[in-house]
Amino acid sequence: MGCGAANGCAVTGALTTNSTGAISGTGVLAAGTLTGTSLTSFGLTGNNTIGTLGDITVTTGDFVLANNGAMTVAGRVRVVAGGSSIRLTDATGIALGAA
């Protein structure tokens, strides 16, 4: 299986995503740690399993992450443009750690 927006991807350890455009996906993304940057929106709305959310920066647009497993927010998650939002949903709970 190749990694793609619809069919998903499994990564052992950390995954860093950097894009000059949007980052989006509806498939399942599994990773120990997720970090990244996007110049526009960053949305992963599938049945993801991310253990730790590290540093995320979105210059314009929203950051949306749906997760299905325990997740710790250990990094700095920010959207730079005014009027943008950060939305995290998790089926089992989100722990906030020190940044």
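Fair warning: this is a prediction, and the values are worked out from it, not measured in the lab.

What about the nonpolar core?
Side chains that are nonpolar tend, in soluble globular proteins, to be buried together.
Piece 1. Counting residues in each nonpolar core, the largest one holds 17 residues, and the members touching the most others are L34, F42, L53, I56 and F63.
Piece 2. Broken down by secondary-structure element, the contributors of at least two residues to this core are strand 4 (29-38), strand 5 (42-58), strand 6 (63-67), strand 7 (71-73) and strand 8 (77-79).
Piece 3. Non-local contacts of I56, meaning those with residues more than four positions away in its chain, are made with L34, T35, G36, F42, F63, R76, V77 and R78.

Thoughts on the side chain of N48
Piece 1. Checked against the element boundaries, N48 lands in strand 5.
Piece 2. With sequence-adjacent residues up to four places away left out, N48 is seen in contact with G27, V28, L29, L65, A66, N67 and N68.

Structural notes on the side chain of T35
Piece 1. Tracing the sequence through the fold places T35 in strand 4.
Piece 2. Among the polar contacts listed, one links the side chain of T35 to the side chain of T16, at a separation of 2.8 Å.
Piece 3. Apart from the residues lying within four places of it in its own chain, the contact partners of T35 are L15, T16, T17, G54, D55 and I56.

Description of the pattern of salt bridges
Where side chains of opposite charge bring their charged atoms close, a pairing between them can arise.
Piece 1. Across all of its chains, the model carries one salt bridge by this definition.
Piece 2. D62 is the salt-bridge partner of R87, the closest N and O atoms lying 3.8 Å from each other. Remark: D62 occurs in the loop between strand 5 and strand 6 and R87 occurs in strand 9 (residues 86-90); sequence separation between them is 25 residues.
Piece 3. Note on R87: relative accessible area 43%, which makes it partly exposed.
Piece 4. Relative accessible area serves as the criterion here: at 28%, D62 is assigned to the partly exposed category.

Re the pairing of strand 4
Piece 1. As defined by bridge partners, strand 1 (residues 9-10) adjoins strand 4 across two bridges and the pair is classed as parallel. Within strand 4, the position partnered with A10 by the bridge is A30.
Piece 2. Bridge count between strand 2 (residues 14-19) and strand 4: six bridges; the pairing is parallel. Bridged to A14 within strand 4 is T33.
Piece 3. Summarising the sheet, strand 4 and strand 5 pair through seven bridges and their orientation is parallel. Each bridged residue has a counterpart across the sheet, and for T33 the counterpart in strand 5 is T52.

Conventions adopted
Residues numbered from 1 in each chain as written. Predicted model: local features only at pLDDT ≥ 70, side-chain atom pairs only at ≥ 80, totals over all residues. Heavy atoms only, no water. Core = buried A, V, L, I, M, F, W, Y, C linked by side-chain atoms within 4.5 Å. Buried < 20%, exposed > 50% of the residue type's maximum accessible area, 1.4 Å probe, protein only. Helix = DSSP H or I, 4+ residues; strand = E, 2+ residues; numbered from the N terminus. Contact = heavy atoms within 4.5 Å. Polar contact = N/O pair within 3.5 Å; in protein donor to acceptor, adjacent residues only side chain to side chain. Salt bridge = Lys/Arg side-chain N within 4 Å of Asp/Glu carboxyl O. Pairing = 2+ DSSP bridges.

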